[in-house]
Amino acid sequence: MSNIEQNPVKLLELEGVSISRSGREVLHDVTFDIYKGKFIGLIGTNGSGKTTLLRAILGIVSPSSGHIRFPSSSKQGSSNNIGYVPQKIDFDPDMPLRARDLVALGLDGNRLGISKRKKSDKLLVDSLLEQVGGTEFANSRVGELSGGEQQRIMIAHALISKPELILLDEPLANLDLRSQVEIVTLVSNLAKDSNITVLISTHDMNPLLPVMDRIIYIANGKVASGEVSEVVTTESLSSLYGHHVEVVNLKGRILVVPEFEEGGFNFLRGIPGNEDH
Amino acid sequence: MFSAFMLNAWEISSIVAVVSGVVGFFVVQRANAFAAHALPNGAFAGAAAASYLGISAVIGLSVFSLAGALVIAGLSRRTRSDVATALVVVMMLSLGSLFLSFSSGYAQQVYSLLFGEVFGISRSEILPTLLISLFCMLVVLFLYRQLLYTSVVPEAAQAKGVKLAVVDLMFLLIVALTTTMAVPVVGTVLIFTLLISPAAAARSFTNKAHIAILLSVSLALTTVWASIALSYETNYPAGFFVGACGALIYASGRIYRFIHSKNSKSREATLAHILWGLAEAALTLNTDAPLGEVKDMANIDKVVENKLPMTELNQVVHLVQFISSNN
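Here is a short report on the structure shown in this document. Note that the coordinates shown come from a computational prediction; the quantities given were computed from them, not determined experimentally.

The rules we used
- Residues numbered from 1 in each chain as written.
- Chains lettered and ligands numbered in written order.
- Predicted model: local features only at pLDDT ≥ 70, side-chain atom pairs only at ≥ 80, totals over all residues.
- Heavy atoms only, no water.
- Helix = DSSP H or I, 4+ residues; strand = E, 2+ residues; numbered from the N terminus.
- Buried < 20%, exposed > 50% of the residue type's maximum accessible area, 1.4 Å probe, protein only.
- 1 Å grid on protein atoms, 1.4 Å probe; cavity = no way out; pocket = protein on both sides within 12 Å on 5 of 7 lines; lining within 4 Å.
- Points joined across faces, edges and corners; volume = space filled by probe spheres on them.
- Nonpolar A, V, L, I, M, F, W, Y, C, P; charged D, E, K, R; others polar.
- Contact = heavy atoms within 4.5 Å.
- Buried area = accessible area lost by both parts, 1.4 Å probe.
- Salt bridge = Lys/Arg side-chain N within 4 Å of Asp/Glu carboxyl O.
- Polar contact = N/O pair within 3.5 Å; in protein donor to acceptor, adjacent residues only side chain to side chain.
- Pairing = 2+ DSSP bridges.
- Axes fitted to C-alpha atoms, helices over the stretch in contact; angles between N-to-C directions.
- Phe/Tyr/Trp six-rings, centres within 6.5 Å; stacked < 30°, edge-to-face > 60°.
- Parallel < 35°, antiparallel > 145°, perpendicular 65-115°, else oblique.
- Left-handed = near helix turned anticlockwise from the far one by under 90°.

### Some points on the overall build of chain A
- Within chain A, the secondary structure is distributed over nine helices and 11 strands.
- Relative to its 277 residues, chain A shows a buried fraction of 54%.

Listed below in structure tokens is the structure:
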């Protein structure tokens, strides 16, 4: 792990990526690199294109122009070594599926046919459940778990295939503050232990500030990326939004505040950190 | 009760129950209940077309239900799948009524497809039914993990390389085939009950998917066996007992969960579901031909006359069921 700092390995490379969905350009000329072992926050409002960007990295959505490459991987564009936690998980409470079954699906849910799970697979499921602190509800129905517990199970499900990169789409939405901190700490610790790269999308960057190495900020279909101190500045975000926004540091909490011009209240909408507080 | 005449009924209904139990589990799990309602209706229209064209009803059944599955799968990629399914139901039913108006002479056969003729099955129909059933179950086993994975977290399955559109289409085709095979036996109305009730009840009794499938098959078998026996003894229609058993099994599953679950959402659903189950049973009591009358073919016109006005009501009840099952 110590050699990451001296010799960073480029895991993922996006170059001039534009993506259109039903005729509308959602992302325009997006370029950034992701280095192995980093914890990266993907910040933007709802509808800014975070999910589209993640789906493009997974290979589910194809860019209309530009390239998405995995320079260190032999399997180009293959999504087999990426763990994914989709957004808005809403499990049917009537569904006959235990937490441990969902974790196991991360291992073999994409296969055809049926076979009895091997002893080693069962042990692997147990160990993942233990790592996410889910042993005590392993045999409960997933639909009856709390939001935070479901996120833990989904994280175990995403990590069981031993991916190099894990993508989490709005895993903090609908969680109380304490669960948010717990999930962020859990992901950060697991990633450090196994040298996994994390790309986590959220509309509020504040819960990520203690652990985030780099930030990718999406607004207006464009992207600014770098260290938090470089990207989250009044100048950089103002140029991204196309109008003046002020970055305020309030007791360790970063707020992005629009300047009140004519119709200024419209700017309040759509700026991270200002919608649910 | 086990005479040669009845043996066919026991055998064919057992086959239909087993395949309905297996396929029905995934119909419920994948929230395809509305499609499971639409495809038998499509099949009914196909039978009407076949009777007009003077070809085998099975050809009409399979062509229309498979086409229905393709259209639902195709449209679902562009619009909401419930809307796509509703469009298919409407299209199929209107085509069915058109063909029926052309072919008044053959209408009796077509109406029997609405409610099935479990006691009128001939020996030669058993082998094809068995083969189609085996094929359906083999495909479900082959796709088992992908069907389950895509029903739980479709986006994650897709990220692991599962082709959602392919799995959806394959499953709809399986529902269509099951329908084709089951409609002549239990009819369009009751195949819907057999696909939904045992599977939905089974989900209440266990936390494991594979156990739920085995349980769903057992409950479907219990339903049809009890219905045939009760119908034989009481001379009330088998369809009534299928509907009533389905409601009863589902209700007991709900009560079991009510006692064993802390979750309030599932408690609220309990009452609504029991009510529609009873409505279905009451309706089939009115519409289904009593066993004695079916046996007496001279009476068929009278029976058909009684059924006709009720089919509209049936559609309404199914709509209510669909809405309540989605809430």
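### A few points about the layout of surface pockets
- The space that makes up the second largest pocket amounts to roughly 830 Å³.
- Of all elements in the fold, only helix 3 (99-108) and helix 4 (119-131) of chain A together with helix 6 (126-152) and helix 9 (209-234) of chain B reach the threshold of two or more residues within the lining of the second largest pocket.
- Split into classes, the residues belonging to the lining of the second largest pocket amount to 16 nonpolar, two polar and 12 charged.

### Some words on the interface of chain A and chain B
- Listed per partner, the contact involves 36 residues of chain A and 32 residues of chain B.
- When chain A packs against chain B, the two sides together hide about 3,000 Å² of surface, and 52% of this comes from carbon and sulfur.
- Here chain A and chain B share five salt bridges between them.
- Between A:Asp94 and B:Arg257 there is a salt bridge; the shortest N-O distance is 3.1 Å.
- Taken together, the connections running from chain A to chain B amount to 18 residue pairs in polar contact (both at pLDDT 80 or more).
- Ranked by residue count, the leading element in the side of chain A that touches chain B is helix 3 of chain A, at five residues.
- Looking at the side of chain A that touches chain B residue by residue, the class counts come to 15 nonpolar, 11 polar and 10 charged.

### A word on the pattern of salt bridges
Residue and element names in this part refer to chain A.
- Applying the stated criterion across every chain, the model contains 21 salt bridges over all chains.
- For the salt bridge of Arg-178 with Glu-182, the shortest nitrogen-to-oxygen distance reads 3.3 Å. In this pair, Arg-178 and Glu-182 both sit in helix 6 (residues 177-194), four residues apart, roughly one turn of the helix.
- Assessed through its relative accessible area of 65%, Arg-178 is described here as exposed.
- The exposure class of Glu-182 is partly exposed, given its relative accessible area of 31%.
- It is possible to trace a salt-bridge network through shared partners that takes in Lys-10, Glu-13, Glu-15, Asp-33 and Arg-69.

### Thoughts on the pairing of strand 1 (residues 10-21) of chain A
All names here are of chain A.
- By the bridge criterion, eight bridges tie strand 1 to strand 2 (residues 24-35) in an arrangement that is antiparallel. In the strand pairing of strand 2, Ser-20 is matched with Glu-25.
- Count of turn residues in the strand 1/strand 2 antiparallel hairpin: two residues, of which Ser-22 carries a positive phi of about 40°.
- Pairing geometry for strand 1 and strand 4 (residues 65-69), over four bridges, is antiparallel. The residue of strand 4 that forms the bridge with Leu-14 is Ile-68.

### Some words on the sheet that holds strand 2 of chain A
Residues and elements named next belong to chain A.
- With antiparallel pairing, three strands are arranged side by side in an open sheet as 2-1-4. Each edge of the sheet is formed by a strand with only one pairing partner; in this case those strands are strand 2 and strand 4. Here the average twist between neighbouring strands, direction ignored, is 15°.
- Contacts from helix 2 (residues 50-58) reach strand 1, strand 2 and strand 4, with the element oriented near 120° to strand 1.

### Some details on the packing of aromatic side chains
- Tallying each qualifying case throughout the model produces seven aromatic pairs over all chains.
- For the ring pair A:Tyr217 and A:Tyr241, a centre distance of 6.1 Å and an interplane angle of 75° mean the geometry is edge-to-face. Pair noted here: A:Tyr217 is in strand 8 (residues 214-219) and A:Tyr241 is in helix 8 (residues 234-241), with a separation of 24 residues, a long-range link. Each member of the pair, A:Tyr217 as well as A:Tyr241, carries the same accessibility label: buried.
- Ring geometry for B:Phe25 and B:Phe26: centres 5.1 Å apart, planes at 85°, overall edge-to-face.
- Taken together, the ring pairs connect B:Phe25, B:Phe26, B:Tyr144 and B:Phe171 into an aromatic cluster.

### Digging into the packing of helix 8 (residues 164-205) of chain B against helix 10 (residues 238-260) of chain B
All names here are of chain B.
- Orientation of helix 8 relative to helix 10, taken along the N-to-C sense of each, is 20°, at an axis distance of 8 Å. Regarding the angle of helix 8 to helix 10, the classification is roughly parallel. The two elements helix 8 and helix 10 meet at a crossing, and its hand is left-handed. On helix 10, the residues that touch Leu-190, Thr-193, Leu-194, Ser-197, Ala-200, Ala-201, Ser-204 and Phe-205 of helix 8 are Gly-239, Val-242, Gly-243, Gly-246, Ile-249, Tyr-250, Ser-252, Gly-253, Arg-254, Tyr-256 and Arg-257.
- The class makeup of the residues in the contact of helix 8 with helix 10 is nine nonpolar, eight polar and two charged.

### Focus on the pairing of strand 7 (residues 197-202) of chain A
All names here are of chain A.
- Burial analysis of strand 7 places six of its six residues in the buried class, which makes it a mostly covered element.
- Alternating residues of strand 7 divide into Thr-197, Leu-199 and Ser-201 and Val-198, Ile-200 and Thr-202, and every residue in both groups is buried.
- Bridge count between strand 3 (residues 39-43) and strand 7: five bridges; the pairing is parallel. Residue pairing for strand 7: Leu-42 is matched across the bridge by Ser-201.
- Examined bridge by bridge, strand 6 (residues 165-169) and strand 7 share five bridges and lie parallel to one another.

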